[in-house]
Amino acid sequence: STMLMQSAICLRSIATFKSNRSKLLFLFHSAQLFHSVVGFSPVVATTSPSAPSSSSSFANPITTTAMSSLPSHYSDPDPYLFLEEVESPESIAFAKAANEKCLAALGDPKDTETYQRVLEALESDERIPHVSLLGYGDDGDMLLYNFWKDSKNPKGIWRKTTLSSYQSPTETKWTTVLDLDELAKKEDISWVWKGYTPLPRSLDPKSGAEESTPGNPKGRVTRVLLNLSRGGADACYLREFDLLTESFVDPEDGDEVGFSLPEGKTRARYKSRDVLLVGADTGEESMTTSGYPRTVREWKRGTKIEDAPIVFEVEKTDVSCGQYLYDETHREGGAMYEMQSRAITFYDSEYFARKNADAEFVKLAVAKNTEVSFFGRWVLLHVKADWNPKDNGSDKTFKSGSLIYVDSQAFLDFSKAKTDGNEDAINLAASNLEYKLLFEPTNKTAYSGYSTTKNYLILYTLDDVKEQLKFFKLGEGGGDFVDAGGDTEGQIRSVSARGVDSKESDLLWLTISSYTQPSTLYLADASKCNESGEDGYILNELKSLPHMFDSSELEVSQAFATSEDGTKIPYFMISKKGIALDGSNPTLLYGYGGFEISLGPRYATTVGISWLERGGVYVEANIRGGGEYGAAWHQSALKENRNKCYEDFIAVGKHLVSTNVCTPQTLACRGGSNGGLLTGNMLVQAPDLFGAIHIAVPLLDMKRYSKLLAGASWMGEYGDPDTDDWENFLHKYSAYHNIDATRQKYPATLLTTSTRDDRVHPAHARKMTKKLWDLGEGKDWPVYYYENIEGGHGGAADSKQEAFMTSLAYDFMWRALTSSLPN
């Protein structure tokens, strides 16, 4: 979702090396994807945790369905397999006919006020144009780049300005670098922007960076690798772009032949100006069964990719691999590190690293679920299970979720000795190891990630899902980290702190928002983090988003529901002040519950326009499977324990009913991707709890998910349906297989997907819809389906499509809860 890319949450994920797994997270989904975040973070009224009432305030009791045995029809042939052919005439005909049927029943969203309001917000010139620094001009001013979409540029323009202009109280002066609408028209391809990878100044002899002196940075990024998607798919075309001439580098002739690759799930980074480290589809053995690169090639400019030597290779059954540089030469004690990562599953990886190009790669002596990165002379380790590295020279036990650091040279020496199996060398190297604790979680707190400036590491943590920032300064001579201050308690807000130029300064782009407060962008200085209170490091306000919806009468509260096993499940509720607790409030419950992704406060414009302004109540459930309480919270709902996240979501829904916020007739739920699997299971497991359900770009067929597109990469989350996992547990939450043909009534349901989604296959939604239609013939099963022909996993390729899909979903749910859907 392009709008998500403009949110501070996403900006943080780009800037934050949470882990090498974080590089994979974008391959699946961000839980915020289905909120068009134009800004983004609230004053809270906290209620005491309370268990849901055993009695209900509505006539019919809520019933939930649990599958305890494997019915015989689970092995029946699937009559809807033909819908797995993405662009076959039959599949496209089904999608178009279903779309016509949906709009005939629900009306055209473009004719609604919701559509117009959402589109105006998405294309508003008052949005904050978040920027990234790509060097310095001849006058020393910062060169700042931004990708922008509006009504005149629906596909978007890539543009640049300077810091002095960006800070100006008058209008910022922008220069267009690349017009994607013009390019799409010229090449007759519906291009969708997917970002870029810059050639680091330190690796480019033509950047001018060698002229930099302390306090007087020089040089600029001269080349980038652009990722352009056809219609919004994950698979991209890679094309090299020159920032000096502001044009594509010709891949066929010229003084410097440009790097260019056809459509694919390519990974590429510069190793030098004329060499790329590339994972690409160069033949049937070059990709894993998950559909990602299994080899890394060192590709020299002017040669064929097929002739480039393979420098790293993993198993075909692995998820993916990668190779990249950590340039830490600008920090005291740092070096140029090079890392190879082998993702065995979505969560388990092996790492190989070397310090400086002439050294050998060494397999790092860490548990496979550890996340590894570098900062200065230190290796940072985020452990995902209790770790007692006795054979690593330590008698300490580090709790799951801890962030620790260790000297990189000592750790590499020890890792090499351990790989070689030389006991004397192991003991000698271990004697030089000292693991140091940077963060240790409690039963209420969790590590969420970090970002950096030149001298500071900014740690994000959660305290009962309330966010905190902590600043740690690199010690003298690159020594131990020193606690430099930060938030004293968690706050219900979203904060993004990105280094402006982490190689040269401690300046930060700081973005703050909440559920009801629009984003404000500040220029801040990490070196002032312990001055004048918690926000003393803020230098000045740069930009602010105006209120995009009326929040003057809204309040935010946090409450806790009790799940089936007694676990307390937090949730945030946004509602009008003093709402009547009589069950009449149209209430929308949103959840995700997977991949250790946390939900949290951010200014979600479309929710405000489409739901809250009408008087609705909006609720986000922080269920297990997410990362709100760290790795353990996530791991407690994996595979055979997947039922926990569904039980948690049901518990929150029941709590809303028992506290008279709503009734089942006035409660809707919504989720996308993994959240679509969640809401699909609400349809089949708790149909009496909801009056409307939106299932977006979902997984639903858990028997075949691992064979569809990127599905095999998620077996670490769900399990392997080709093993006993299917009979033991997977069938229980395969919503596609648990439709109850004997029911006379299901709640009103909308399924949406995208033809161009090459991450979660559109067949999940197609097959579920067709099966519901066929089994529901003559019954009260109001099921609607819409498939956007473009859009990728975000469901929309531009703002108009995004407004269309948003208004379709919210208007459907509102009408369902207010008894205004057509009969």
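Keep in mind the model is a prediction, meaning the values are calculated, not measured. Throughout this document, residue positions are counted from 1 along each chain, in the order its sequence is written. In view of the model being predicted, local features appear only for residues whose pLDDT reaches at least 70, and side-chain atom pairs are presented and counted only at 80 or more, with totals across whole chains, interfaces and linings using the full set of residues. As a rule here, side-chain values come from all non-hydrogen atoms in the structure, and water together with hydrogens is ignored.

Caption draft 1: The arrangement of the layout of surface pockets in detail. Cavity means a closed set of points on a 1 Å grid over the protein atoms alone, one where a 1.4 Å probe fits but cannot get out, pocket means an open set with protein on both sides within 12 Å along at least 5 of 7 lines, and lining means a residue has an atom within 4 Å of a point. Grid points are joined across faces, edges and corners, and a volume is the space filled by probe spheres set on the points. Considering only enclosed or pocket space, the largest pocket measures out at about 670 Å³ in volume. Lys745, Tyr746, Pro747, Ala748 and Pro782 are the residues nearest the centre of the largest pocket, which is lined by 30 residues in total. Residue assignment for the lining of the largest pocket shows that the elements contributing at least two residues are α4 (89-106), β38 (783-788) and α17 (799-817). A total of four residues in the lining of the largest pocket trace back to one element, the largest contributor, which is α4. Helix numbering and strand numbering both begin at the N terminus, where a helix is a DSSP run of H or I of at least 4 residues and a strand a DSSP run of E of at least 2.

Caption draft 2: Inspection of the packing of aromatic side chains at higher detail. Pairs were defined over the aromatic rings of Phe, Tyr and Trp, the Trp ring being its six-membered one, requiring ring centres within 6.5 Å. Orientation was assigned from the angle between planes: stacked under 30 degrees, edge-to-face over 60, tilted for the rest. Scanning the model with the defined rule gives 39 aromatic pairs in all. Measuring from ring centre to ring centre gives 5.0 Å for tryptophan 158 and tyrosine 196, while their planes differ by 40°; the resulting arrangement is tilted. Of this pair, tryptophan 158 sits in strand β4 (residues 157-162) while tyrosine 196 is found in strand β6 (residues 191-198), placing the two residues 38 residues apart along the sequence. With a relative accessible area of 1%, tryptophan 158 lands in the buried category. For tyrosine 196, a relative accessible area of 23% gives the class partly exposed. Here the aromatic rings of tyrosine 324 and tyrosine 326 are separated by 5.9 Å at their centres, their planes lie at 65°, and the arrangement is edge-to-face. A 1.4 Å probe rolled over the protein chains alone gives each residue an accessible area, and that area as a share of the maximum for its type sets the label: buried under 20%, exposed over 50%, partly exposed in between. According to the relative accessible area criterion, tyrosine 324 is buried, its value standing at 4%. Of the residues examined, tyrosine 326 reaches a relative accessible area of 5% and is grouped as buried. Here the aromatic cluster, defined as three or more aromatic residues joined through ring pairs, consists of Tyr145, Phe147, Trp158, Trp193, Tyr196, Phe241 and Phe248.

Caption draft 3: Summary view of the environment of leucine 226. Here leucine 226 shows up in strand β7 (residues 223-230). Spatially, the C-alpha atoms of leucine 226 and tyrosine 196 are 4.4 Å apart, while their sequence positions differ by 30 residues. Throughout, a residue-residue contact means that at least one pair of heavy atoms, one from each residue, lies within 4.5 Å. In this structure, leucine 226 is in contact with Trp158, Leu178, Trp193, Gly195, Tyr196, Tyr237, Leu238, Arg239, Phe241 and Phe248, ignoring residues within four places of it in sequence.

Caption draft 4: Local environment of the packing of α4 against α17. Fitted lines through C-alpha atoms serve as axes, helices being fitted only where they are in contact, and the angles separating the N-to-C directions of these axes extend from 0 to 180 degrees. Direction vectors running N to C along α4 and α17 enclose 50°, while the axes themselves pass 12 Å from each other. The angle between α4 and α17 places the two elements in the oblique class. For the pair α4 and α17, the crossing hand works out as left-handed. Within the contact between the two elements, α4 uses Cys102, Leu103, Ala105 and Leu106 and α17 uses Phe804, Leu808, Phe812 and Arg815. Its residues assigned to classes, the contact of α4 with α17 comprises seven nonpolar, no polar and one charged. Here the angle decides the label: under 35 degrees means roughly parallel, over 145 means roughly antiparallel, 65 to 115 means roughly perpendicular, and every other value means oblique. For any helix crossing, the convention is left-handed if the near helix is rotated counterclockwise from the far helix by under a right angle, and right-handed if that rotation is clockwise. Any residue that is not Ala, Val, Leu, Ile, Met, Phe, Trp, Tyr, Cys, Pro, Asp, Glu, Lys or Arg is counted as polar, Gly included; the first ten are nonpolar and the last four charged.

Caption draft 5: Representation of the pattern of salt bridges in the model. Throughout this description, the term salt bridge denotes a Lys or Arg side-chain nitrogen within 4 Å of a carboxyl oxygen of Asp or Glu. Tallied over the full model, the rule gives 50 salt bridges. Between aspartate 204 and arginine 273 there is a salt bridge; the shortest N-O distance is 3.1 Å. Linking aspartate 204 in the loop between β6 and β7 with arginine 273 in the loop between β11 (267-272) and β12 (275-279), this pair joins segments that are 69 residues apart in sequence. For the residue pair aspartate 204 and arginine 273, the accessibility class agrees, reading buried in each case. Of the charged contacts in the structure, one is a salt bridge between arginine 624 and aspartate 565, with a shortest N-O distance of 2.9 Å. In this pair, arginine 624 is assigned in the loop between β34 (617-621) and α11 (631-635) and aspartate 565 in the loop between β31 (554-562) and β32 (568-576), connecting sequence segments 59 residues apart.

Caption draft 6: The arrangement of the sheet that holds strand β19 (residues 371-375) in detail. When DSSP locates at least two bridges between a pair of strands, those strands are taken to pair. Across the sheet, four strands lie side by side as β19-β20-β21-β22; this open sheet has antiparallel pairing. Of all strands in the sheet, those with a lone pairing partner are β19 and β22 (436-439), marking the two edges. For this sheet the average axis-to-axis angle between neighbouring strands, irrespective of direction, equals 30°. Pairing of strand β20 (residues 378-382) with strand β21 (residues 403-407), which is carried by five bridges, proceeds in the antiparallel orientation. Along β21, the bridge assignment pairs leucine 380 with tyrosine 405.

Caption draft 7: Structural detail: helix α12 (residues 643-658). For a helix, the expected span equals 1.5 Å multiplied by the residue count minus one. Relative to the 22 Å expected for 16 residues at 1.5 Å per residue, α12 spans 22 Å between its end C-alpha atoms, a close match to the ideal helical length. Extensive coverage of α12 is indicated by the burial of 14 of its 16 residues. In the stretch just after α12, asparagine 660 is the one whose phi turns positive, near 65°.

Caption draft 8: Representation of helix α13 (residues 674-685) in the model. For α13, built from twelve residues, the straight-helix expectation of 16 Å at 1.5 Å per residue is met to within 8% by its first-to-last C-alpha distance of 16 Å. Most of α13 sits inside the fold, with twelve of its twelve residues counted as buried. Looking only at α13, the buried set comprises Asn674, Gly675, Gly676, Leu677, Leu678, Thr679, Gly680, Asn681, Met682, Leu683, Val684 and Gln685.

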